[in-house]
There are 2 protein chains.
Amino acid sequence: MIQTPYLLFLGDAPDQLAAKVAQGIRDWRPDNALGQFRLPGCGADVGLPDMTLEEAKAAGVKTLVIGVANRGGVISHGWKTVLIDALQMGFDLASGLHNLLRDEADLVAVAEANGRALHDVRVPEVEYPIANGKKRSGKRVLAVGTDCSVGKMYTALALDKSMRERGLKSTFRATGQTGILITGDGVPLDAVIADFMAGSVEYLTPDNDDDHWDIIEGQGSLFHVSFSGVTMALIHGGQPDALILSHEPTRATMRGLPDYTLPSLEALRDMALPLAHVANPDCKIIGISINTQHLGEDEAMAYLAQTEERMGLPTIDPFRQGASRLAEALEAM
Amino acid sequence: MIQTPYLLFLGDAPDQLAAKVAQGIRDWRPDNALGQFRLPGCGADVGLPDMTLEEAKAAGVKTLVIGVANRGGVISHGWKTVLIDALQMGFDLASGLHNLLRDEADLVAVAEANGRALHDVRVPEVEYPIANGKKRSGKRVLAVGTDCSVGKMYTALALDKSMRERGLKSTFRATGQTGILITGDGVPLDAVIADFMAGSVEYLTPDNDDDHWDIIEGQGSLFHVSFSGVTMALIHGGQPDALILSHEPTRATMRGLPDYTLPSLEALRDMALPLAHVANPDCKIIGISINTQHLGEDEAMAYLAQTEERMGLPTIDPFRQGASRLAEALEAM
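Cut-offs applied
- Residues numbered from 1 in each chain as written.
- Chains lettered and ligands numbered in written order.
- Predicted model: local features only at pLDDT ≥ 70, side-chain atom pairs only at ≥ 80, totals over all residues.
- Heavy atoms only, no water.
- Pairing = 2+ DSSP bridges.
- Helix = DSSP H or I, 4+ residues; strand = E, 2+ residues; numbered from the N terminus.
- Axes fitted to C-alpha atoms, helices over the stretch in contact; angles between N-to-C directions.
- Contact = heavy atoms within 4.5 Å.
- Least-squares fit on C-alpha atoms with pLDDT ≥ 70 in both.
- Expected span 1.5 Å × (residues − 1).
- Buried < 20%, exposed > 50% of the residue type's maximum accessible area, 1.4 Å probe, protein only.
- Arc of directions from axis to C-beta.
- Parallel < 35°, antiparallel > 145°, perpendicular 65-115°, else oblique.
- Left-handed = near helix turned anticlockwise from the far one by under 90°.
- Nonpolar A, V, L, I, M, F, W, Y, C, P; charged D, E, K, R; others polar.

Novice: Could you clarify how one ought to interpret the sheet that holds strand S4 (residues 92-95) of chain B in this entry?
Specialist: All names here are of chain B. Judged by pairing direction, the sheet is parallel, and its 5 strands sit side by side in the order S2-S1-S3-S4-S5 without closing on themselves. Each edge of the open sheet is held by one strand with a lone partner, namely strand S2 (33-38) and strand S5 (118-120). Going from strand to strand, the sheet's axes swing by 20° on average, the running direction of each strand aside. Inspection of the sheet shows strand S1 (residues 6-11) paired to S2 by 5 bridges, in the parallel sense. Bridge pairing in S2 places leucine 7 opposite glycine 35. The strands that helix H1 (residues 20-28) touches are S1, S2 and strand S3 (63-66); relative to S1, the one it contacts most, it runs at about 150°. Running at roughly 160° to S3, helix H3 (residues 77-88) makes contact with S1, S2, S3, S4 and S5 of the sheet.

Novice: Where do I start with the relation of the copies chain B and chain A in this structure?
Specialist: Here the second copy of the chain follows from the first by a rotation about an axis and a shift along it. It takes a turn of 180° to lay chain B on chain A, together with a shift of 0.0 Å along the axis; the resulting RMSD is 0.0 Å. Such a combination of rotation and displacement between the chain copies is what one expects of a two-fold axis. The fraction of interface residues of chain B whose copies in chain A are also interface residues reaches 97%, indicating that both copies meet through the same surface.

Novice: Explain helix H10 (residues 297-311) of chain A to me, please; I cannot follow it from the model alone.
Specialist: Residues spaced three or four apart along an α-helix point in a common direction, a consequence of the helix completing one turn every 3.6 residues. All names here are of chain A. Here H10 spans 21 Å end to end across 15 residues, near enough to the 21 Å set by a 1.5 Å rise per residue. Turning to H10, its buried residues are Ala300, Tyr303, Leu304, Thr307 and Met311. An end-on view of H10 places all buried positions within 100° of arc, on one side of the element. Within H10, the exposed residues directed more than 90 degrees away from the buried face are Asp298, Gln306 and Glu309. Buried-residue contacts for H10 involve strand S9 (242-247), helix H9 (265-279), strand S12 (284-290), strand S13 (315-316) and helix H11 (318-321). Glycine 312 sits one or two residues past H10 and shows a positive phi near 70°.

Novice: Would you mind going over helix H5 (residues 152-165) of chain B with me for this structure?
Specialist: When the terminal C-alpha atoms of H5(B) are compared, their 20 Å separation across 14 residues agrees well with the 20 Å that a helix rising 1.5 Å per residue should span. Those residues of H5(B) not exposed but buried are Lys152(B), Thr155(B), Ala156(B), Leu157(B), Ala158(B), Leu159(B), Asp160(B), Ser162(B) and Met163(B).

Novice: Would you explain the pairing of strand S6 (residues 139-145) of chain A in this entry?
Specialist: The side chains of a regular strand alternate, first on one face of the sheet and then on the other. Residue and element names in this part refer to chain A. Most of S6 is tucked away, with 6 of its 7 residues classed as buried. Summarising the sheet, S6 and S9 pair through 5 bridges and their orientation is parallel. Bridging across to S9, valine 144 finds its partner in leucine 245.

Novice: How do you make sense of the packing of H5(B) against helix H12 (residues 324-331) of chain B when you look at a structure like this?
Specialist: The description of two helices packed together rests on the angle between their axes and the distance between the axes. Residues and elements named next belong to chain B. In the contact formed by H5 and H12, the axes pass within 8 Å of each other and the chain directions differ by 65°. For the element pair H5 / H12, the angle class is roughly perpendicular. In the packing of H5 onto H12, the handedness of the crossing is right-handed. In this structure, H5 contributes Thr155, Leu159, Ser162 and Met163 to the contact, and H12 contributes Ser324, Leu326, Ala327 and Leu330. Taken together, the residues of the contact of H5 with H12 sort by class into 5 nonpolar, 3 polar and no charged.

Next up, the structure:
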């Protein structure tokens with residue numbers, strides 16, 4: 001569990017896209033971040049006050065979060081100076097970088113000397129159990145996609161927001177590094193050892209109030225041969241009461257698999273639901289989330305309407321419209 | 001890759017069951033094992049000549065394989081003495097024990113001093129790639145089960161034997177510790193990190209002759225919520241041309257999951273085949289393997305005949321009958 005509030009380290013990010021983790025925190029958990037820290041030449045700005053480490057300390061910040069991708073997979077000298085200063089001033093560090101903070105001997109030494117934590121959210125910090133499949137109290141919803149990277153995390157975060165706005169009990173449960181940094185907690189599922197995948201999802205979504213919903217962040221796709229095992233573990237470990245189908249309608253082939261085309265929403269429905277019924281015979285598909293970012297407004301609206309008509313399910317783009325219709329569907333269950 | 005031939009270490013195994021790994025090596029790869037090594041009080045005997053380490057050395061043995069489960073999860077003093085002697089005499093060690101050889105400081109020191117290898121087959125020794133899903137040459141068959149531990153490894157080993165007896169090109173591809181010790185090679189799939197599961201299966205079953213069959217050892221079950229992700233990775237990483245359905249007809253509930261009943265063979269067929277078609281649209285189910293060990297001979301034969309009639313597929317118990325009818329089905333493809 002990463003301590004909040006954060007100071008978001010944007011470093012020398014060349015552009016806004018490089019700071020998308022910081023932007024995600026700013027968009028979805030604005031209360032978690034009090035300021036941003038930028039180095040000379042930084043081309044990103046997530047719209048938070050620029051703070052020095054001293055100012056952040058005075059404001060009550062607990063953790064410096066690296067909210068930016070680094071170049072060439074090395075932590076530069078310029079970054080290192082700030083990170084070491086931060087540890088010495090009593091901040092924890094959190095990072096989703098591919099190269100781990102814990103592999104940097106100087107950071108480890110300073111962190112230990114100052115009793116600070118280094119959170120590498122790419123790697124598990126917990127020994128997860130083997131899944132036991134026992135029915136848990138509370139309710140759970142999971143987005144499953146026709147492909148990877150079709151907007152499952154965005155859908156889950158938007159749905160969580162809509163649920164809270166309606167006064168419903170809801171928790172976004174992160175299963176990837178960006179989601180973990182946004183909320184400060186979660187399971188880095190793609191880094192979990194095979195035997196413990198489903199167990200880690202059970203651990204992430206324990207017994208809860210009967211009217212509470214866990215909004216589980218989806219990963220991979222049943223149709224993506226590289227990562228389908230991870231998706232399977234989410235469906236069986238999460239024992240969802242509700243599924244949402246996610247799709248990106250302009251993509252020609254599966255992400256990273258040029259020989260594979262995307263399945264239809266019908267094929268996804270017919271594959272996912274029987275698998276979900278193994279863990280939860282009452283599971284239902286309650287809606288469809290479409291990522292229409294590559295369509296114009298008219299085209300997008302027409303696609304959503306046609307899909308809703310064809311599939312007989314509430315169909316939305318959470319970026320254009322929010323997820324209130326999906327929250328409505330969950331509330332009705 | 002573990003160097004053969006082996007000397008099988010039976011230690012102080014209380015009974016034959018405790019030595020089942022050694023028995024598996026003796027049954028399936030008799031050429032791999034030249035002798036057995038037993039301590040005083042050993043209650044197991046796999047029918048190989050008893051050898052001292054000196055005799056084994058003279059006979060050309062390369063590796064001492066721990067073919068027995070240990071008690072209480074510790075490597076006892078009595079064992080340790082033999083293992084250290086073996087390393088000093090130039091043998092490698094191989095083990096599927098839960099507690100790892102590499103975690104025993106004294107073994108590591110002696111192995112390093114003598115340039116010997118410690119093979120812990122429970123943990124991967126390779127950095128596997130992410131699966132790319134590219135169509136590979138050669139053919140592959142995989143057994144999928146209604147549950148875990150219904151005889152998938154036995155089926156694969158028996159099928160590999162039948163294939164070779166017919167003069168066909170065949171390789172058993174181990175995905176679990178017992179299989180790896182039997183053949184000296186394989187992927188410990190349940191210990192692979194989630195993102196690399198399917199890639200490890202691709203690595204295990206590379207391009208091959210067009211008329212060569214990889215007989216892939218199955219794991220878990222699509223219907224076993226603890227381990228279904230591992231099964232999924234085998235189906236998509238293995239891109240099988242043929243599936244075999246495996247079942248144990250007397251089991252009331254899923255292994256380790258008292259709240260879950262077993263699916264029917266029809267349900268397994270209808271779930272597994274569409275998933276297999278994602279990676280290989282030509283995949284077919286070619287037969288059924290039943291573990292009838294808890295049925296009498298007449299009952300077993302009746303069950304096999306009824307199942308064959310009902311499912312319309314060659315149905316055998318490989319322990320009672322061998323797997324020649326499955327090999328025949330593969331040859332016909």
